[in-house]
Amino acid sequence: MKKIEAIIKPFKLDEVKEALHDIGLQGMTVIEAKGFGRQKGHTELYRGAEYVVDFLPKVKVELVVEDGQVERAVEAIQSAAQTGRIGDGKIFVSSVEEAIRIRTGETGAEAI
C-alpha cells in the first residue's frame, strides 16, 4: 500500500476529487493548509500599506491506495491539478506498513 499526499491549489480540489472518482478511487482526506514553495508568497497592497503574504492557502489531499493503483492516481491528480503556473503544488508517495479499519478490524488492502 502507498500513501499519496498532494498539496494543491484550493480551487482545483473539485477537479482532483472528480478525477480520482473517475478512476474508481473514493476515500480521501482533505486538509486546509497554508504554505509556500519557490514562489515565496507575494506582496499585496491594503489601505496604502504594502505587506507580504508569505503563506498562501493550499489544500492537502491524502489517500491510501493499493500498489497497483498508484500510477493512475498520481496521473489523475497531476492532470487535474495542473494550471501551468507557479504554485501548482507537489505530490508525495510513501509506503504504508499497515492499515486497520477501526469499525470492523479489517487489515491491509481490505481496510482501504
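Structure: above.
This text gives an overview of the structure that appears in the document. Numbers given for residues are sequential positions, taken from 1 along each chain in its written order. The predicted nature of this model means local features are confined to residues of pLDDT at least 70 and side-chain atom pairs, given and counted, to a pLDDT of 80 or more, with totals for whole chains, interfaces and linings taken over all residues. To get the side-chain values, take all heavy atoms of the structure and skip hydrogens and water.

**Examining the packing of helix 1 (residues 13-22) against helix 2 (residues 70-81)**
(1) Moving on: Axes, fitted as lines to C-alpha atoms, cover a helix only where it is in contact. Angles between the N-to-C directions of the axes lie from 0 to 180 degrees. Only runs of H or I of at least four residues qualify as helices and only runs of E of at least two qualify as strands under DSSP, and these elements are numbered from the N terminus. The interhelical angle for the contact between helix 1 and helix 2, taken along N-to-C directions, is 150°, at an axis separation of 8 Å. Here helix 2 runs roughly antiparallel to helix 1, going by the angle between their axes. Like other packed secondary-structure pairs, helix 1 and helix 2 cross with a definite hand, here right-handed. Contacts between helix 1 and helix 2 involve E15, V16, A19 and L20 on the former and, on the latter, A73, A76, I77, A80 and A81. For classification purposes, angles smaller than 35 degrees are called roughly parallel, those larger than 145 roughly antiparallel, those between 65 and 115 roughly perpendicular, and all remaining angles oblique. The crossing is said to be left-handed when, going from far helix to near helix, the turn is anticlockwise and less than a right angle, and right-handed when the turn is clockwise. Contacts between residues were defined by any pair of non-hydrogen atoms, one from each residue, lying within 4.5 Å.

**Observations concerning the sheet that holds strand 2 (residues 29-35)**
Strand-to-strand pairing in sheets goes through backbone hydrogen bonds, with the strands running parallel or antiparallel.
(1) Moving on: Reading across from one edge, 2-5-1-6 is the order of the four strands in this open sheet, with antiparallel pairing throughout. Strand pairing shows two members of the sheet lacking a second neighbour, strand 2 and strand 6 (89-95), which therefore form its edges. Along the sheet, successive strands turn relative to each other by an average axial angle of 20°, direction set aside.
(2) Moving on: With seven bridges joining them, strand 1 (residues 2-8) and strand 6 adopt antiparallel strand pairing. What sits directly across from A6, in strand 6, is I91.
(3) Moving on: The strands that helix 2 touches are strand 1, strand 5 (56-65) and strand 6; relative to strand 1, the one it contacts most, it runs at about 5°. At least two bridges found by DSSP between two strands is the condition for calling them paired.

**Re helix 2**
(1) Moving on: Across its twelve residues, helix 2 extends 16 Å between first and last C-alpha, which sits within 8% of the 16 Å expected from 1.5 Å per residue.
(2) Moving on: Burial classes follow relative accessibility: with a 1.4 Å probe on protein chains only, a residue under 20% of its type's maximum area counts as buried, one over 50% as exposed, and anything between as partly exposed. Along helix 2, the residues classified as buried are V70, A73, V74, A76, I77, A80 and A81. Down the axis, helix 2 shows its buried residues gathered within 160° of arc, on one side only. Within helix 2, the exposed residues directed more than 90 degrees away from the buried face are E71 and S79. Expected helix span is given by 1.5 Å per residue-to-residue step, counting one fewer step than there are residues. Relevant arc is that of directions from the helix axis to the C-beta atoms, nothing else.

**As for the environment of T83**
(1) Moving on: Tracing the backbone through its elements, the reader meets T83 in the loop between helix 2 and strand 6.
(2) Moving on: The exposure class of T83 is partly exposed, given its relative accessible area of 26%.
(3) Moving on: Each C-alpha atom of the pair T83 and G35 lies 18 Å from the other, and the pair is 48 residues apart in sequence.
(4) Moving on: Excluding its chain neighbours within four sequence positions, the residues that come into contact with T83 are K9, F11, K12 and D88.

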